[in-house]
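Fold and contact review
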Amino acid sequence: MKSHVADWRTRVYCARIEPVGDQPILRLTNYPTDLAMSNGEIYRAENGYEFSGLTATSDMSATGVDLDGILQEGGVTLDAIASGVYDNARVYVFATSWAAPIEDEEELGLFFWGKTDPTDQKYRTQLMGAKDVLSQNVGRTCSPTCPNTLFDQHINGDLIASTRSSCTGPRSNPDGPQMADYLVTGTLTSVTDQYTFTDSARAEPDDWFGYGEIQFVTGPNAGLRPSQIKIFASGQFTLHEALFYPPSSGDEYKAIPGCRKRLQDCRDKFQNAVNRGAQDHVPSQTQYTQRGRGA
């Protein structure tokens, strides 16, 4: 039983979209005009949207709804969707009264922004209920591949949700590698394309940043999600995916090295073999399924 419900006579639905990182929060209402909440926050009406339906169950099954909206400035834009601004954003849905609007008056659900399909000037995104985390596999398995994630977070500070175990395990080296000790900044000196660019001042050995991350702090890509580095050699970065906007010489960035899950990376590059999560001598399936042979 809910502790409080909005007045059914003046009931209106609202949503608050909180992107991961430093992107601005988006507040929406399906009322014809903007709503000023009791705490001063404004929920905009011009960013029209519509839910496919919201249901509640008494069991532990996950809830998913579709959110349809209009692509427009001041709301959800095509550039923001394509650049990943809303990936894994939290969406809080609640009901209130348009006569006396109160933020989160009748909480209806917490969702995560999922797959989005933009069509013409509209978009449709799948919102997945928070209970979906209960369907995720947990626990550790023996594997020759290390399950740990270097630094356990992205370069922008966001925790990596898929991290099952830490590179800073509680062993003889509990601290392990810290991002602050490896984070570097720099400025592009030349650009080949949206995949490849160079900072001639970089003196790190080849592949030092391989499988690491880079994020721009100035230029058109500033503030967008970090990009994974595919190759680093002689000061030149090559990415797995193209930057959303073309970079230019003079753009400033920050970068961290990566770990390719190899023993030499853990042992020689980060001096962290004591916290290595792989079992390097686990036999492969082709080995342990072989039949024994007689003498």
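Relevant structure appears above.
Residues numbered from 1 in each chain as written. Predicted model: local features only at pLDDT ≥ 70, side-chain atom pairs only at ≥ 80, totals over all residues. Heavy atoms only, no water.

Here we take up the environment of Asp34. Structurally, the position occupied by Asp34 is in the loop between strand S2 (26–29) and strand S3 (35–36). Spatially, the C-alpha atoms of Asp34 and Ala45 are 4.9 Å apart, while their sequence positions differ by 11 residues. At a separation of 3.0 Å, a polar atom in the side chain of Asp34 contacts the side chain of Arg44. Within the structure, the side chain of Asp34 is placed 2.8 Å from the backbone nitrogen of Ala45, a separation counted as a polar contact. (Helix = DSSP H or I, 4+ residues; strand = E, 2+ residues; numbered from the N terminus. Polar contact = N/O pair within 3.5 Å; in protein donor to acceptor, adjacent residues only side chain to side chain.)

Glancing now at the pairing of strand S8 (residues 106–119). Where strand S7 (residues 90–97) and S8 come together, 6 bridges link them in antiparallel fashion. Its bridge partner lying in S8, Ala95 is registered against Glu106. Here S8 runs beside strand S9 (residues 122–129); their pairing, made up of 7 bridges, is antiparallel. Across the sheet, residue Pro118 finds its bridge partner in S9, namely Tyr123. (Pairing = 2+ DSSP bridges.)

Before going further, it helps to spend a moment on the sheet that holds strand S15 (residues 236–239). Taken in spatial order, the 7 strands make up an open sheet running S10-S16-S13-S14-S15-S12-S11, and their pairing is antiparallel. With partners counted over all chains shown, the strands left at the sheet margins are strand S10 (184–187) and strand S11 (190–191), one partner each.

Turning our attention to the pattern of salt bridges. Applying the stated criterion across every chain, the model contains 15 salt bridges. Glu18 is the partner of Arg16 in a salt bridge, and the nearest nitrogen-oxygen pair spans 2.9 Å. What makes Arg16 buried here is its relative accessible area of 7%. On the accessibility criterion, Glu18 (25% relative accessible area) is partly exposed. Measuring nitrogen to oxygen at the nearest pair gives 3.0 Å for the salt bridge that ties Arg267 to Asp268. Exposure remark for Asp268: the relative accessible area of 47% places this residue in the partly exposed category. Each of Arg16, Glu18, Arg27, Glu41, Glu103 and Asp104 takes part in one network of salt bridges that share partners. (Salt bridge = Lys/Arg side-chain N within 4 Å of Asp/Glu carboxyl O. Buried < 20%, exposed > 50% of the residue type's maximum accessible area, 1.4 Å probe, protein only.)

Working note: non-glycine residues mostly have negative phi, and peptide bonds are mostly trans. Positive phi, close to 60°, is recorded for Asp104, a residue that is not glycine. Tracing the backbone through its elements, the reader meets Asp104 in the loop between S7 and S8. Judged by relative accessible area, which is 26%, Asp104 ranks as partly exposed. Phi is positive for Gln271, which is not a glycine, with a value near 45°.

The two faces of a sheet get side chains in turn, since along a regular strand they alternate between them. Here S10 pairs with strand S16 (residues 252–256) via 4 bridges, running antiparallel. By the bridge assignment for S16, Thr185 is matched with Lys254. As judged from the 4 bridges shared by strand S13 (residues 213–216) and S16, these two strands associate in the antiparallel manner. Bridge pairing links Gln215 to Lys254 in S16.

Counting residues in hydrophobic clusters, the biggest one holds 19 residues, and the most contacted among them are Ile17, Val76, Tyr86, Val91, Trp113 and Leu127. Among the elements of the structure, strand S1 (11–18), S2, strand S6 (64–70), helix H1 (78–82), S7, S8 and S9 are those that each provide at least two residues to this core. In this structure, Phe197, Phe216, Leu243 and Ala255 belong to the second largest nonpolar core, which totals 13 residues. (Core = buried A, V, L, I, M, F, W, Y, C linked by side-chain atoms within 4.5 Å.)

What follows concerns the packing of aromatic side chains. Any aromatic ring pair is given by two values, namely how distant the centres are and how the planes are angled relative to each other. This structure, assessed with the given rule, holds 15 aromatic pairs. Seen from their ring centres, Phe209 and Phe237 are 5.6 Å apart, and the 50° between their planes marks the pair as tilted. Pair noted here: Phe209 is in the loop between strand S12 (196–198) and S13 and Phe237 is in strand S15, with a separation of 28 residues, a long-range link. Here the two residues Phe209 and Phe237 agree in accessibility, since each one is buried. Ring centres of Phe216 and Tyr253 lie 6.5 Å apart, and the angle between their planes is 65°; on these two criteria the pair is classed as edge-to-face. Of this pair, Phe216 sits in strand S13 while Tyr253 sits in strand S16, placing them 37 residues apart in sequence. According to the relative accessible area criterion, Phe216 is buried, its value standing at 3%. (Phe/Tyr/Trp six-rings, centres within 6.5 Å; stacked < 30°, edge-to-face > 60°.)

With respect to the element layout, Glu204 can be found in the loop between S12 and S13. A polar atom in the side chain of Glu204 sits 2.8 Å from the side chain of Arg202. Not counting residues up to four positions away in its chain, the partners in contact with Glu204 are Val184, Phe209 and Phe232. (Contact = heavy atoms within 4.5 Å.)

Topologically, Val91 is positioned in strand S7. A relative accessible area of 0% places Val91 in the buried class. Measuring from C-alpha to C-alpha, the distance between Val91 and Ile17 comes to 4.5 Å, with 74 residues separating the pair along the chain. Excluding residues within four positions of it along the chain, Val91 makes contact with Ala15, Arg16, Ile17, Gly109, Leu110, Phe111, Trp113 and Leu127.

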